[in-house]
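Residue-level listing of the chains:
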Amino acid sequence: MTLSGYLGSLQQNLLETSPDHVKMVRFRNPVISNTYFQVVKNLNTKGFQLQTFYCIFDAGKGAKGLEEAVEQLCNDAERAVDEGKNYIILSDRGISETLHRYLP
């Protein structure tokens, strides 16, 4: 069992040397520090195209607001992929008394 994960091109055989392997980041742990997160978030390397989505919803709308926000997130993520983004960050920054996160 391993706790490491990868970000990038995994369609390649990891046992074969390939130039595409330089387009991959390995996470040694499932939880990363804020510093390492900022490094990953600011990758300006060809092959890494980032989109950040904010996973918050208007708590005043109740379950309907949550449902609408999740639907919007799915649509936005699909659009980002269509636009060439190959990894996304889901953020819950911006939470307040009226805006709640909807991630588990």
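This write-up is about the structure you can find in this document.

What counts, and at which threshold
- Residues numbered from 1 in each chain as written.
- Predicted model: local features only at pLDDT ≥ 70, side-chain atom pairs only at ≥ 80, totals over all residues.
- Heavy atoms only, no water.
- Phe/Tyr/Trp six-rings, centres within 6.5 Å; stacked < 30°, edge-to-face > 60°.
- Helix = DSSP H or I, 4+ residues; strand = E, 2+ residues; numbered from the N terminus.
- Buried < 20%, exposed > 50% of the residue type's maximum accessible area, 1.4 Å probe, protein only.
- Pairing = 2+ DSSP bridges.
- Expected span 1.5 Å × (residues − 1).
- Arc of directions from axis to C-beta.
- Contact = heavy atoms within 4.5 Å.

Brief notes about the packing of aromatic side chains
By convention here, two paired aromatic rings are described through the distance between centres and the angle between planes.
For step 1, the next point in the chain: Under the counting rule described, the total for this entry stands at 1 aromatic pair.
For step 2, the next point in the chain: With a centroid separation of 6.0 Å and 85° between ring planes, the pair formed by Phe 48 and Tyr 87 is classed as edge-to-face. Of this pair, Phe 48 sits in the loop between helix H1 (34–41) and strand E3 (50–54) while Tyr 87 is found in strand E5 (residues 87–91), placing the two residues 39 residues apart along the sequence.
For step 3, the next point in the chain: Judged by relative accessible area, Phe 48 falls into the buried class, the value being 6%.
For step 4, the next point in the chain: Tyr 87 sits in the buried class, given a relative accessible area of 8%.

As for the pairing of E5
For step 1, the next point in the chain: Burial along E5 is one-sided: Tyr 87, Ile 89 and Ser 91 are buried, while Ile 88 and Leu 90, pointing the other way, are not.
For step 2, the next point in the chain: Pairing between E3 and E5: 5 bridges, direction parallel. Across the sheet, residue Gln 51 finds its bridge partner in E5, namely Ile 88.

Observations regarding helix H2 (residues 62–82)
Along an α-helix, a turn takes 3.6 residues, which lines up residues three or four apart on a common side.
For step 1, the next point in the chain: For H2, with 21 residues, the first-to-last C-alpha span of 31 Å sits near the 30 Å given by 1.5 Å per residue.
For step 2, the next point in the chain: Of the residues making up H2, those classed as buried are Gly 65, Ala 69, Leu 73, Asp 76, Ala 77 and Ala 80. The buried residues of H2 occupy an angular sector of 105° when projected down its axis, which confines them to one face. Facing away from the buried side of H2 by over 90 degrees, the exposed positions are Ala 63, Glu 67, Glu 78, Val 81 and Asp 82.
For step 3, the next point in the chain: Where the residues of H2 are buried, they touch E3, strand E4 (56–58) and E5.
For step 4, the next point in the chain: Where H2 ends, the next residue or the one after it, Gly 84, has phi of about 100°, a positive value.

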